[in-house]
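Geometric and topological summary
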Amino acid sequence: MPAGTALYRALTRLYPKAFRARYGDDLALHFADLVARDGPVGAWRRTMLDLLVTVPRYRLESIMNTRRTTATLVALVVALATAAVGAFAAGVAPLGVIALAVAAVLAIGERSRLARSMRPARHAQRRHVLWAAGLLASCAVVSLVIGLIDLGDRASWPAGRLVVYNIVFFTTVIGALACAATGLRRPHTAAP
Amino acid sequence: MDAAGFLPVPQAQFHILVALTSGELHGYAIMQAVEQSSNGVVAMGPATLYGTVKRLCASGLVEELARRPARNDDQRRRYYRLTTLGRAVCLAEADRLERLVRQSRANLRPRTA
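Residues numbered from 1 in each chain as written. Chains lettered and ligands numbered in written order. Predicted model: local features only at pLDDT ≥ 70, side-chain atom pairs only at ≥ 80, totals over all residues.

Attention now goes to the overall build of chain A. Secondary structure summary: chain A contains 7 helices and 0 strands in total. In chain A, the succession of helices and strands from N to C terminus is α-α-α-α-α-α-α. In chain A, buried positions account for 27% of the 192 residues. Counted over contacts in chain A with a minimum sequence separation of 6, partners at least 24 positions apart contribute 71%. (Helix = DSSP H or I, 4+ residues; strand = E, 2+ residues; numbered from the N terminus. Buried ≥ 20, exposed ≤ 12 C-beta atoms within 10 Å, placed from the backbone. Contact = placed C-beta atoms within 7 Å.)

Here it is, written out as structure tokens:
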């Protein structure tokens, strides 16, 4: 195997394992064909840009694909949001902000076009979205209870914590309502 | 699923579907066909191509062949072809684009008094 093709094959290890296992040989053959047609410089020009764009994209997609279902991601978001509330209650605000930010990124990413585009089957989406609504509603209730326990018996509620509890509560409530509305709008379809 | 449910088809996917209307092709041949049909405007990298093919296979528009059509070809190459649904989706998207082109031409063409 020529050195260039061997190097490209080594670089394909950056792709998710499943993609590499399925298309690794095709990628290497494809690269060898490109080298034969366009020369090493032309082949690398095309594939380097391709690598830069697709490696992070496929990595992200592998996190959000159907096998790691919506329910798993929602559980992760809920866990992070709960950890954030706990961190704020314990007075470790920076940790809470980080956990909340990661939870928000995951939640937004899950709802993104990228995540939707990776879901070929639509039959399970209604169930997944309604599950998400249920989990977010549970998260809202948990955050409300934690907030009331933390702030309830104080003479004056600290403004910072109050804002954080409000953000968590209303975000999860709005998320739950949005998921419920989306899920209920989706038609019942049979699994293929 | 109905072909209309897949519309509009993303550009890269549509180019691959169009390439496969000519028959069973492997990845590199698909790339060449796409370049040719787009006059070199669309130049997909290998991973973009296989990622899109993977998506099309998952959607049931394209399927991988169990056998290799060319006996003297590298046995590691995978060949792909359109499914019946893929053909219907490709045709539906072509019709949609045709209507769009007709409409844009009608709107842009200078009207004679």
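We now examine the overall build of chain B. Within chain B, the secondary structure is distributed over 4 helices and 3 strands. Going residue by residue from the N terminus, the α and β elements of chain B occur as α-β-α-α-β-β-α. Sequence-distant contacts in chain B: of pairs separated by 6 or more residues, those separated by 24 or more amount to 54%.

Let us look at the pairing of strand β3 (residues 79-82) of chain B. Residues and elements named next belong to chain B. Relative to β3, strand β1 (residues 25-26) runs antiparallel, the two sharing 2 bridges. Residue pairing for β3: Leu25 is matched across the bridge by Tyr80. Of the strand pairs in this sheet, strand β2 (residues 62-64) and β3 are connected by 3 bridges, and their pairing is antiparallel. Bridging from a neighbouring strand, Glu63 pairs with Arg81 of β3. (Pairing = 2+ DSSP bridges.)

Quick look at unusual backbone geometry now. Residue Pro8 of chain B follows Leu7 of chain B across a cis peptide bond; omega there is -10°. Checked against the element boundaries, Pro8 of chain B lands in the segment before α1 (11-20).

Reading across from one edge, β1-β3-β2 (chain B) is the order of the 3 strands in this open sheet, with antiparallel pairing throughout. Two strands bound the open sheet, and with one partner strand each, they are β1 and β2 of chain B.

In this section: the interface of chain B and chain A. Contacts between chain B and chain A engage 15 residues on the former and 17 residues on the latter. Broken down by secondary-structure element, the contributors of at least two residues to the side of chain B that touches chain A are α2 (27-37) and α3 (46-59) of chain B. Take the side of chain B that touches chain A: its biggest share by element is 7 residues, from α3 of chain B. Here the side of chain B that touches chain A is built from residues that sort into 6 nonpolar, 5 polar and 4 charged. (Nonpolar A, V, L, I, M, F, W, Y, C, P; charged D, E, K, R; others polar.)

Attention now moves to the confidence of the model for chain B. Overall, the predicted model of chain B reaches an average pLDDT of 90, with 94% of residues at or above 70. Scored as a complex, the prediction yields pTM 0.59 and ipTM 0.83. (pLDDT = per-residue confidence, 0-100.)

As a further point, take the environment of Thr72 of chain A. Residues and elements named next belong to chain A. Its location among the elements puts Thr72 in helix α3 (residues 70-89). The partly exposed category is assigned to Thr72, around which 13 C-beta atoms lie within 10 Å. Placed 56 residues apart in sequence, Thr72 and His128 show a C-alpha to C-alpha distance of 9.9 Å.

This part covers the nonpolar core. If you look at the biggest cluster of nonpolar residues, it comprises 34 residues, and the most contacted ones within it are Ile16, Leu17, Leu20, Ile30, Val53 and Val62 of chain B. Elements represented by at least two residues in this core include exactly α2 (17-63) of chain A together with α1, α2, α3, β3 and α4 (84-108) of chain B. Take this core: its biggest share by element is 8 residues, from α2 of chain A. In this structure Ile30 of chain B touches Ile16, Ala19, Leu20, Leu25 and Leu49 of chain B, once residues within four positions along its chain are discounted. (Core = buried A, V, L, I, M, F, W, Y, C linked by C-beta atoms within 7 Å.)

All names here are of chain B. Packing of α2 against α3 brings their axes to within 10 Å, and their N-to-C directions diverge by 105°. By the angle class used here, α2 and α3 are roughly perpendicular. Between α2 and α3, the residues in contact are Gly27, Ile30 and Met31 and Leu49, Tyr50 and Val53, respectively. Across the contact of α2 with α3, the residue classes break down as 5 nonpolar, 1 polar and no charged. (Axes fitted to C-alpha atoms, helices over the stretch in contact; angles between N-to-C directions. Parallel < 35°, antiparallel > 145°, perpendicular 65-115°, else oblique.)

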